[in-house]
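Each chain, written out:
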Amino acid sequence: MATPFQSSWGLFFSLSFYIIHSTSTNYVHIVYLGHNHAHNPLVTTEYHIQLLSTVFGSEDDAKKAMLYSYKHSFSGFAARLNSTQATTLASMGGVISVFKSKTLRLHTTRSWDFMGLTLNDGEPRLAPLQWAYGGDIVIGIWPESESFHEEPGMGPVPSSWKGTCVKGELFNPTKACNRKLIGARYYVKGFEHDYGPLESEYCSPRDRLGHGTHTASTAVGSIRKNASFFGLGLGTARGGAPRARLAAYKVCWSDNLIARCTEADILMAYDDAISDGVHVISASLGMTPPLLSFFSSSSDIGSFHAVQMGVSVIFSAGNDGPDPSTVQNVAPWGTCVAGSTVDRMFPTQILLGNNISTMGEGFVVEQMNMRLADSSRYFNNNGVCELDNWNGKAATGRIVICFSTIGPQLSGSAALAVFNANGSGMIYAAPITKQFAEVDLIPTIYVNLDQGTQIQDYALSQTKRKTVQIFPSRTTIGRSPAPSVAYFSSRGPSSRSPNILKPDISAPGVNILAAWPSKIPPTTFPVDFRSVNWSFESGTSMSCPHVSGIVALIKSAHPDWSPAAIKSAMMTTAYTRDTSLDNILAGGTMKAADPLDIGAGHVDPLKAIDPGLVYDMDAQDHILFLCSIGYTNDQISKMVLPSPKIDIDCPKGGKIDLDLNLNYPAIVISNLRCTITIKRTLRNVGQSRAIYFVNVVSPDGVGIVIWPKVLFFWHKEKISYYVTLTPLKHSQGRYDFGEIVWSDGYHHVKSPLVVCVNNTGNVGHIETHPTS
């Protein structure tokens, strides 16, 4: 009897054989074929070559054109194709999608204490919670870092691990890998095709940018005392799961200090990682909107197949906030993490020559007594602090004040401009909603616009000798409310699937102290000659590995939980109040954060271990979602793992809002025009017998009815409930927020309720067909 793989192969070659000749430009394309039904990597690769040969003159030409064969965890390949060849392949039976390989970008210690995972006398207070076993995938690694040394008593590498450490430039697997760093690979074919041979890079798993080392250390770094950045942030550094194993998959490469990550390389890393046996994949990268369709993205494809194999995939939300609809990585099977602050600050006193004192924030190590100057003295265009605006005058021995609102420009580029003018330091004034310290090329003190205006008044005054004293920065904890959503954190709603809440959750992403390659300066500029073992970084790239570490802990405590159950546990136990018990603020604005800013809230790892109830999802849920976005039964059958428990039967009548009934831990109705009823199902993961009562906060102008109002669990079974939503106002395109909370008196299972009533016109909306 023919296997599904054999029958589809035979059908394909009975249809036609193509030879495509064209002089058009070749690009790397990814051809996605779905799940690997052959279960034989050699046979799968041979099939890929035969398929590719149909648009080339010979198998030899096909082999030369192919960069990668994705043959372990799913089926597909990356190859150099012209537009005609790509179009021809896309029209063939068995091919789900063909798309150009695009370039993605990176989303670049106190945080664990802040979230309750505290050390006590150098030992984890929550043992064995933080001594969990897990797996992780990152971008590159600096193996000499103390964060990746073996913890005392760490056992042998688990027998389930199938990966390896690959030799490369300045990377000896025998010396680099151990019982902590158990795997290391690198992928460069896609990058070199698009950008040429590597320059000033390590052709190996070794980290050249610092990003991979920093994120890996945050997620699973070993416990190391006396970590600091020149004495600032001094304390014990460790990852969320310090006993977890680490596997590094380098897919991003430095190109003139810019990280470039091609999808052809990324997808090969996913294929290997899933096959190697990782448990958690942490991916701090993405692409700005417009977002492409699902399965025309390496991250969507790789994460879809990972989740089917029980592997949790954690993504960063992106750094394009605070504008709405900028969130990235929005597939419902992944977990998308926003960035937020912690309660640690670095106050830095500024004393002007006229005895006016103000407090900024920065990473200033030594006291500075300097002359003060306004940026207009050294930069044209009203003092825009940019390299191209330098007027040639030297700022030697001076601290220059620059404004983010003049230009505008970022602090990093302003610091580089002042450094180029030979300035000794910079005071950088920005709106209070965007103010936080960063590691810069020169000592930089961050102030708000009110403070900056007073300092500039003095700098422009008639006083002959304007002076300023900058005192060393201090480290303070608990002096300011936290968390707040970082101003740069990308916001929802999702521009690809607006009925799925994204981001899902928030975690620390501002000034995170973690491991850093000692031979790479903290700013990565060649003119920066500092050497550090630990550095501060900010971005949703940093919030992503925080959640990855927490997922490793939860997975260790509950090895039978699915990725969806783990995500639900984190979302339904997240909190939305800061340390002052006020609403968490949405950075970049002056308003309270809502679910489009922060997802379900800020992650609480202690509560997520015991959520009481979870919203679980399986392949059947994902099938309905794939139906809702237009995939056919035949296509879906090629994408999901075959199982007698699943039924692939998309409803007839065209695309409908099946995604409203996806068993997600949040409810989002992006286009409420009339009364609708949706369904959710909860699974009891707490005590066997429990009674849960519901409490509802209705969004403004929306009537909410829930049935039943009480859930009786006598065993660890599943129970469904129904939510009926009715518009009670006339509105167009405005989101309102509420929540549904199920409680047994101890557990509080909270789901955000996000509704956009849209019943006064059709402007800006596409007609859909709500379920009823």
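Residues numbered from 1 in each chain as written. Predicted model: local features only at pLDDT ≥ 70, side-chain atom pairs only at ≥ 80, totals over all residues. Heavy atoms only, no water.

**A word on the overall build of the protein**
Thought 1: A tally of regular secondary structure across the protein gives 19 helices and 39 strands.
Thought 2: Taking 2.2 N^0.38 as the reference for a compact globule, 772 residues should give roughly 28 Å; the C-alpha atoms of the protein span a radius of gyration of 27 Å, in line with that estimate.
Thought 3: Principal-axis analysis of the C-alpha atoms places the extent of the protein at approximately 90 × 65 × 60 Å.
Thought 4: When the accessible surface of the protein is split by element, carbon and sulfur atoms take 52% of a total near 29,800 Å².
Thought 5: The average position of the 61 basic charges and that of the 61 acidic charges among the side chains of the protein differ by 3 Å. (Helix = DSSP H or I, 4+ residues; strand = E, 2+ residues; numbered from the N terminus. Rg over C-alpha atoms; globule rule 2.2 N^0.38 Å. Areas by Shrake-Rupley, 256 points an atom, 1.4 Å probe, with all protein chains shown as cover. Lys, Arg positive; Asp, Glu negative; His and termini not counted. Charge placed at Lys NZ, Arg CZ, Asp CG, Glu CD.)

**Some words on the pairing of strand β13 (residues 252-255)**
Thought 1: In this sheet, strand β14 (residues 258-262) lies alongside β13 in antiparallel orientation, the contact comprising four bridges. Looking at the pairing, tryptophan 253 lines up with arginine 260 of β14.
Thought 2: Connecting β13 to the next strand, β14, in antiparallel fashion are two residues, including asparagine 256 with a positive phi near 55 degrees. (Pairing = 2+ DSSP bridges.)

**Observations concerning the environment of arginine 683**
Thought 1: Counting through the fold element by element, arginine 683 comes out in strand β33 (residues 676-684).
Thought 2: A residue is classified by how much of its surface remains accessible, and arginine 683, at 18% relative accessible area, is buried.
Thought 3: The contact partners of arginine 683, leaving out residues within four places of it in the chain, are Trp561, Ala565, Gly612, Leu613, Val614, Asp616, Lys716, Glu717 and Lys718.
Thought 4: Polar contacts involving the side chain of arginine 683 include one to the side chain of aspartate 616, which spans 3.0 Å. (Buried < 20%, exposed > 50% of the residue type's maximum accessible area, 1.4 Å probe, protein only. Contact = heavy atoms within 4.5 Å. Polar contact = N/O pair within 3.5 Å; in protein donor to acceptor, adjacent residues only side chain to side chain.)

**Digging into the sheet that holds strand β17 (residues 312-316)**
Thought 1: Within the open sheet, the four strands sit side by side as β15-β17-β18-β28. Their pairing is parallel. One side of each edge strand has no neighbouring strand; the edge strands of this open sheet are β15 (280-283) and β28 (505-508). Across the sheet, the mean angle from the axis of one strand to that of its neighbour is 35 degrees, orientation sign disregarded.
Thought 2: Where strand β18 (residues 335-340) and β28 come together, four bridges link them in parallel fashion. In the sheet register, alanine 338 faces β28, and the bridge partner there is serine 506.
Thought 3: Contacts from helix α9 (residues 263-276) reach β15 and β17, with the element oriented near 160 degrees to β15. (Axes fitted to C-alpha atoms, helices over the stretch in contact; angles between N-to-C directions.)

**Overview of the pairing of strand β20 (residues 347-352)**
Thought 1: Across five bridges, β20 lies against strand β21 (residues 357-362) in antiparallel orientation. What sits directly across from leucine 351, in β21, is serine 357.
Thought 2: Linking β20 back to β21 in an antiparallel pair, the connection comprises four residues, with asparagine 355 at a positive phi of about 70 degrees.

**Notes on helix α2 (residues 41-53)**
Residues that lie three or four places apart on an α-helix share one face, since the helix turns once every 3.6 residues.
Thought 1: In this model α2 runs 18 Å from its N-terminal to its C-terminal C-alpha over 13 residues, within 8% of the 18 Å that 1.5 Å per residue would give.
Thought 2: Three or more residues of α2 are buried, namely Thr44, Thr45, Tyr47, His48, Ile49, Gln50, Leu51, Leu52 and Ser53.
Thought 3: With a side-chain oxygen positioned 3.0 Å from the backbone nitrogen of leucine 42, the residue opening α2 is asparagine 40. (Expected span 1.5 Å × (residues − 1).)

**Some points on the sheet that holds strand β39 (residues 748-757)**
Thought 1: In spatial order, the strands read β32-β39-β38-β34-β36; together these five strands make up an open sheet with mixed pairing. Two strands close off the open sheet at either side, each with one partner strand: β32 (667-672) and β36 (710-713). Strand-to-strand twist of the sheet, defined as the mean angle between neighbouring strand axes without regard to direction, takes the value 20 degrees.
Thought 2: As judged from the five bridges shared by strand β34 (residues 690-697) and strand β38 (residues 734-743), these two strands associate in the antiparallel manner. Bridge pairing in β38 links valine 697 to glutamate 739.

**Concerning the environment of alanine 437**
Thought 1: Residue position: alanine 437 is located in the loop between β24 (425-429) and β25 (444-447).
Thought 2: The exposure class assigned to alanine 437 is buried, which follows from its relative accessible area of 0%.
Thought 3: Those residues in contact with alanine 437 that lie beyond four places of it in its chain are Glu361, Gly362, Phe363, Tyr446 and Asn511.

**Overview of the environment of lysine 162**
Thought 1: Relative to the helices and strands, lysine 162 resides in the loop between β8 (137-138) and α6 (173-176).
Thought 2: Note on lysine 162: relative accessible area 58%, which makes it exposed.
Thought 3: C-alpha separation for the pair lysine 162 and isoleucine 470, spaced 308 residues apart in sequence, amounts to 54 Å.
Thought 4: Every residue in contact with lysine 162, bar those within four places of it in the chain, is listed here: Ser275 and Asp276.
Thought 5: Looking at lysine 162, its side chain comes within polar contact range of the main-chain oxygen of serine 159, at 3.5 Å.

**What to know about the confidence of the model for the protein**
Thought 1: Across the protein, the average pLDDT comes to 88, with 90% of residues at or above 70.
Thought 2: Here residues 763-772 scores under 50 on pLDDT; set against residues more than four positions off or in separate chains, the count is 20 contacts. (pLDDT = per-residue confidence, 0-100.)

**Quick word on the pattern of salt bridges**
Close approach of charged atoms lets side chains of opposite charge pair.
Thought 1: Across all of its chains, the model carries 18 salt bridges by this definition.
Thought 2: Each of the salt bridges in this network shares a partner with another, and the network as a whole consists of Arg491, Lys591, Asp594 and Asp597. (Salt bridge = Lys/Arg side-chain N within 4 Å of Asp/Glu carboxyl O.)

**Structural notes on the packing of aromatic side chains**
Thought 1: One pass over the full model with this rule turns up 26 aromatic pairs.
Thought 2: For the pair phenylalanine 294 and phenylalanine 625, a centre-to-centre distance of 5.7 Å together with 65 degrees between the ring planes defines the contact as edge-to-face. Residue phenylalanine 294 is located in the loop between β16 (285-286) and α10 (298-308), and its partner phenylalanine 625 is located in helix α18 (residues 619-628); the two are separated by 331 residues in the primary sequence. Summarising the burial analysis for this pair, phenylalanine 294 and phenylalanine 625 share the class buried.
Thought 3: With a centroid separation of 5.1 Å and an interplanar angle of 85 degrees, the aromatic rings of phenylalanine 295 and phenylalanine 304 are classed as edge-to-face. Taken individually, phenylalanine 295 and phenylalanine 304 each receive the classification buried, so the pair is uniform in this respect.
Thought 4: One aromatic cluster is present, built from ring pairs that chain together Tyr32, Phe294, Phe295, Phe304, Trp333, Phe625 and Tyr631.
Thought 5: Between lysine 100 and the ring centre of tyrosine 27, over which it is positioned, the NZ or CZ distance is 4.0 Å.
Thought 6: One Lys or Arg, arginine 206, reaches over the ring of tyrosine 202 and ends 6.0 Å from the middle of that ring. (Phe/Tyr/Trp six-rings, centres within 6.5 Å; stacked < 30°, edge-to-face > 60°. Lys NZ or Arg CZ within 6 Å of the ring centre and 35° of its normal.)

**Digging into the packing of α9 against α10**
Thought 1: α10 packs onto α9 with a crossing angle of 5 degrees between their chain directions and a minimal axis gap of 9 Å. Compared by their axis directions, α9 and α10 come out roughly parallel. On α10, the residues that touch Glu263, Ile266, Leu267, Tyr270 and Ile274 of α9 are Ser298, Ser299, Ile301, Gly302, Ser303, His305 and Ala306.
Thought 2: Taken together, the residues that form the contact of α9 with α10 break down as six nonpolar, five polar and one charged. (Parallel < 35°, antiparallel > 145°, perpendicular 65-115°, else oblique. Nonpolar A, V, L, I, M, F, W, Y, C, P; charged D, E, K, R; others polar.)

**Focus: a nonpolar patch on the surface**
Thought 1: A contiguous nonpolar patch, built from Ile691, Phe693, Phe712 and Trp714 and spanning about 420 Å² of accessible area, is present on the exposed surface.
Thought 2: Residue position: tryptophan 714 is located in the loop between β36 and β37 (718-727).
Thought 3: According to the relative accessible area criterion, tryptophan 714 is partly exposed, its value standing at 47%. (Patch = residues over 30% accessible without salt bridge, like charges linked within 9 Å, V, L, I, M, F, W, Y side chains within 5 Å.)

**So, the state of the cysteines**
Thought 1: This model, assessed by the stated rule, comprises four disulfides.
Thought 2: Between the sulfur atoms of cysteine 252 and its disulfide partner cysteine 261 the distance amounts to 2.0 Å. Taking the sign of the S-S torsion, about 110 degrees here, the bridge from cysteine 252 to cysteine 261 comes out right-handed.
Thought 3: We classify cysteine 252 as buried; its relative accessible area is 3%.
Thought 4: By relative accessible area, cysteine 261 is classed as buried at 0%.
Thought 5: The residue that forms a disulfide with cysteine 627 is cysteine 650, at a sulfur-sulfur distance of 1.9 Å. Residues cysteine 627 and cysteine 650 are joined through a disulfide that is left-handed, its torsion about the S-S bond being -80 degrees. Taken together, the residues span a long stretch of sequence, with cysteine 627 in helix α18 and cysteine 650 in the loop between α19 (633-639) and β32 at a distance of 23 residues.
Thought 6: The exposure class assigned to cysteine 650 is buried, which follows from its relative accessible area of 14%.
Thought 7: With cysteine numbering restricted to those in disulfides and following the sequence, the protein has the pairing 1-2, 3-4, 5-6, 7-8.
Thought 8: No disulfide involves cysteine 336; its sulfur sits 8.9 Å from the nearest other cysteine sulfur, which is in cysteine 544. (Disulfide = S-S within 2.5 Å.)

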